[in-house]
Structures are given as structure tokens and as C-alpha cells.
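The lines below spell out each chain.
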Amino acid sequence: MRGLRVALAAVMLSISVSSGLADDNSPFIYFATEDPFTEGLPTKNDVYVFGGVFARGAFGDTINVLGADYTDNYIIGAAYGRDFVDIGAGFVLGGVTGAAIRFGEDDDTTGELWAGARLRHHGLVIGDLAIAPALTAGFSAVTGPTEIERDREIVYDGDASFLGFVGAELSFRVRQAPNVELVYQLHHRSGADGTFGNMREGSNANALGIRYRF
């Protein structure tokens, strides 16, 4: 009997987890193929304000948020994004440009500018909650290196002034506030294995912020 109940629960869950559009008949859990909370009137622009902490490790180490080796160096910034085209299956292609200040116990205060293309998905909807991934890839320029970047310049005999940029993120929003998102982002500067500045790893920061869509 217990095995039957487990099997029935698994069947019900598999039926509920499906791709679909947001409406009153949507299942409790599904992958959205359009904005699930705006009823056919999706927003195209967004502003993101964030703060974060630099970590000593590489990208793969820093994405382990709870286990990262954090420093006493920080980043505060803002970015503007715009969606350009819906490419289907819930994916939207757009662009992002941003600016930040980097500072801390070991770092001189420096500035950063970046811009890139963004691919995002409308995400997994669980009731009134949407959890959506996105990835931005582009370029980043700074007015001066952080301590970590300076150390890596010495190791690689490189220049961290102009590097590649990757922003991997996960956002959370609720139906009751459809234009506001809580965003986690890994802010990554990289030489792309020597392609930029003869660098490999540049710097990594875990950031948390708020995005407003309009």
C-alpha cells in the first residue's frame, strides 16, 4: 500500500511538471514558455542594483556560495538590461551594460564597466514563485586591478585591464510583485585562457541584488 501511494505521488508530480503558458489552468509546477506573471504584456527593460564579495578561488570554487573563500574586498554596482527577441522555448535574448565600484581592505578603489549579450529563461514556476536562470557574456574594463587580479597578472605575466565578462545568475520573483526580482549573480572576469590580456582567471565575486523590470 505504501508503495502504491509513492507511485501515485510520482505520477501526479510527473503530470504537473510540464512546459506551458501561465494562466489559470497552469499546473502547480511547470517550465514557463512566456512570462508567467504579466498576462501577455512582458516587460523589456530592467535595472539591477547589487552588492557582492570577492572570493579567492576560481569560477568553479566561487559558485559554491557557502564554501567559497571570501576576502574583505567588495563590489557595488548597477546594470541596465533590455530584452531584444524571444527565441522560443522560454528563452529570451537581450543585452546588458553595467558599472561598479570595487574596494576593500586589500584593494585600491577602482571602477569597472562591462557590457554583453544576455540569454535568459522564463524559468521554473512553482505556484506563485518563479525561479529563472540567465547568463551574460561580454567584455569588462577596469581602471585598476584588484589585489587578486594583480597577483594573477604576475603569475600569468598578463594585464587584467580588459577581460572577458560572464555573469551567471539565478533570480526569484513572486506573482504578487511581478516586476521585482531578488537576484544572485556570480560576477566573473576572465582572460578566456589567454585570449584577453594574456590572462586566465581574473576575479570572481558572489553578488546579491534587486532587479526592477519595466
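Scroll up a little and you will see the structure.
For the structure given in this document, a descriptive report is provided here.

About the criteria used
- Here, residues in each chain are numbered from 1, in the same order as that chain's written sequence.
- In keeping with the model being predicted, local features are shown solely for residues with a pLDDT of at least 70 and side-chain atom pairs are shown and tallied solely at 80 or more, while totals for entire chains, interfaces and linings include all residues.
- The basis for the side-chain values is all heavy atoms of the structure; hydrogens and waters are excluded.
- Salt bridge, as used here: a side-chain nitrogen of Lys or Arg that lies within 4 Å of a carboxyl oxygen of Asp or Glu.
- In DSSP terms, a helix is any run of H or I states spanning at least four residues, a strand is any run of E spanning at least two, and both are numbered starting from the N terminus.
- Type-normalised accessible area, obtained with a 1.4 Å probe on protein chains alone, sets the label of each residue: buried when under 20%, exposed when over 50%, and partly exposed for intermediate values.
- In this analysis, strands are considered paired if DSSP registers two or more bridges between them.
- Of the two site types, the cavity is a set of points on a 1 Å grid over the protein atoms alone where a 1.4 Å probe fits but cannot get out, and the pocket is an open set with protein on both sides within 12 Å along at least five of seven lines, each lined by residues with an atom within 4 Å of a point.
- Grid points are joined across faces, edges and corners, and a volume is the space filled by probe spheres set on the points.
- Here the term charged refers only to Asp, Glu, Lys and Arg, the term nonpolar to Ala, Val, Leu, Ile, Met, Phe, Trp, Tyr, Cys and Pro, and the term polar to all other amino acids, Gly among them.

## Looking at the pattern of salt bridges
Any two side chains of opposite charge can pair, so long as their charged atoms come close to each other.
Here is step 1: One pass over the full model with this rule turns up 17 salt bridges.
Here is step 2: Across the salt bridge formed by Asp69 and Arg56, the nearest N and O atoms sit 3.2 Å from each other. On the criterion of sequence distance, the pair formed by Asp69 in the loop between α2 (59-62) and β4 (70-88) and Arg56 in the loop between β3 (45-55) and α2 is long-range, its members being 13 residues apart.
Here is step 3: Across the pair Glu149 and Arg102 runs a salt bridge, and its minimum N-O distance is 2.9 Å. Pair noted here: Glu149 is in helix α3 (residues 147-156) and Arg102 is in strand β5 (residues 91-104), with a separation of 47 residues, a long-range link.

## With respect to the pairing of strand β11 (residues 201-213)
Remember that side chains alternate between the two faces of the sheet whenever the strand is regular.
Here is step 1: Summarising burial for β11: 10 of the 13 residues are buried, a large majority.
Here is step 2: Pairing of β3 with β11 involves 10 bridges; the strand directions are antiparallel. Counted as the bridge partner of Phe54 is Ala205 from β11.
Here is step 3: Sheet analysis places strand β10 (residues 180-190) next to β11, joined by 11 bridges and oriented antiparallel.

## Some points on empty space enclosed by the protein
Here is step 1: Overall, the coordinates contain three cavities of 30 Å³ or more when judged by the stated rule.
Here is step 2: Approximately 80 Å³ is the volume found for the largest cavity.
Here is step 3: Every residue lining the largest cavity is counted, 13 residues in all, and those nearest its centre are Tyr48, Ala79, Val96, Gln185 and Arg211.
Here is step 4: By residue number, the principal contributor to the lining of the largest cavity is β4, which donates three residues.
Here is step 5: For the lining of the largest cavity, the per-class residue count stands at six nonpolar, three polar and four charged.
Here is step 6: A volume near 50 Å³ is recorded for the second largest cavity.
Here is step 7: Considering the residues around the second largest cavity, the lining is formed by Arg118, Arg120, His121, Ala132, Pro133, Ala134, Glu169, Ser171, Glu181, Arg211 and Arg213.

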